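Each chain is listed here by its residues.
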Amino acid sequence: MKSPMTVQEDFLTIKFNSFASHGKAVLYAGVDKIKNTFNNWVAAIEYAKKNNMFPIQYTEGGLILDETDNERGQTYSGDDYRRVWKRASIKYCLSIEGSVKTFVCGANDESIFRVREIHAMMRAKYINDINGRDHQEYALLRRATLNRLREENKLLPDDKKLSGKERHHMAINTVFRAIAINEIRDDLTHAQSAQERNDILSRIDHLRNQHEVEMEAKKAAKSSFDAVANDNTNKDGTDEAIEEMLMANPHLQAILAPFVTHAYH
């Protein structure tokens, strides 16, 4: 009789197998389980199949983990299940060479993408670009956000100061929104039909709605950094990015205008 798998055995699988994506990495996160309006997992896998890409489960190590994933889901606790895929995701992201394509608009702040994969990509040595934007741009954005928060922190009373962990969390959220906006921008340049454009633009709503949910959760929890969070993360760059898209693509005015507070004219 086959003995049940263990987390430590999975960790050994991750350690000794390759998670190389061969310059064709695809990362994804985000499913609307209530309204069922989007499923980034499905979209990413369809994209990967059409474009010969390598999401994590198509890699050497990912194939091994994926083969027993149903059993893992039935026998592991939720925490142990996530531990395995978090570790695999970190190795996958650190192994990325070349370009990264994402499907992450609407991902929540507990997703592995936001909790681990962005962190790993900021440390990865061989990523060239993420959604068509230079990898270094994101690293610099994170650093600039941390520096700004550090300076603003000095002006706050002691009982309102942000911890290092809170500042780091906010900087990663800023990088996440930049990745998501560039995902939309990059895909719009390749859209060939009105339906494709509409499907891509619907991601703006997913991104904005998730941001609003998270801001309301922070207010409800009466977080110590509500004031700074509102000042620095509520303006997530969405409007500015859409205005930039409109300037570059004025023929999309009718489609894009409803998504921005002050649309470009």
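Residues numbered from 1 in each chain as written. Predicted model: local features only at pLDDT ≥ 70, side-chain atom pairs only at ≥ 80, totals over all residues. Heavy atoms only, no water.

J.: Could you clarify how one ought to interpret the packing of aromatic side chains in this entry?
T.: Geometrically, a pair of aromatic rings is defined through the distance of the ring centres and the angle of the planes. Counted according to the given criterion, the structure contains three aromatic pairs. Between Tyr28 and Trp41 the ring centres are 5.2 Å apart and the planes differ by 65 degrees, which places this aromatic pair in the edge-to-face class. One end of the pair, Tyr28, is in strand β1 (residues 24–28); the other, Trp41, is in helix α2 (residues 40–51), and 13 residues separate them in sequence. When the ring centre of Phe11 is taken as origin, the NZ or CZ atom of Arg87, which lies over that ring, is 3.6 Å away. A cation sits over an aromatic face here: Lys101 above Phe103, 4.1 Å from the ring centre. (Phe/Tyr/Trp six-rings, centres within 6.5 Å; stacked < 30°, edge-to-face > 60°. Helix = DSSP H or I, 4+ residues; strand = E, 2+ residues; numbered from the N terminus. Lys NZ or Arg CZ within 6 Å of the ring centre and 35° of its normal.)

J.: What should I look at first to understand empty space enclosed by the protein in this one?
T.: Rolled over the atoms, a probe sized like a water molecule indicates the empty space that remains. In the structure shown here, the tally under the stated rule is two cavities of 30 Å³ or more. One number sums up the size of the second largest cavity: a volume of about 40 Å³. The wall of the second largest cavity is formed by Arg114, Phe176, Arg177, Leu207, Gln210, His211 and Glu214. Listing elements by their share of the lining of the second largest cavity, those giving two or more residues are α8 (164–188) and α9 (194–220). If one sorts the elements of the lining of the second largest cavity by residue count, α9 sits on top with four residues. Residue composition of the lining of the second largest cavity, by class: two nonpolar, two polar and three charged. (1 Å grid on protein atoms, 1.4 Å probe; cavity = no way out; pocket = protein on both sides within 12 Å on 5 of 7 lines; lining within 4 Å. Points joined across faces, edges and corners; volume = space filled by probe spheres on them. Nonpolar A, V, L, I, M, F, W, Y, C, P; charged D, E, K, R; others polar.)

J.: Sorry, what's going on with the sheet that holds strand β2 (residues 54–55) here?
T.: Hydrogen bonds between backbone atoms are what pair the strands of a sheet, whose relative direction is either parallel or antiparallel. If you trace the five strands from one edge of the open sheet to the other, you get β2-β1-β3-β4-β5, paired in mixed fashion. What marks the edges here is a single partner per strand, and that holds for β2 and β5 (133–134). (Pairing = 2+ DSSP bridges.)

Structural measurements only, silent on function.
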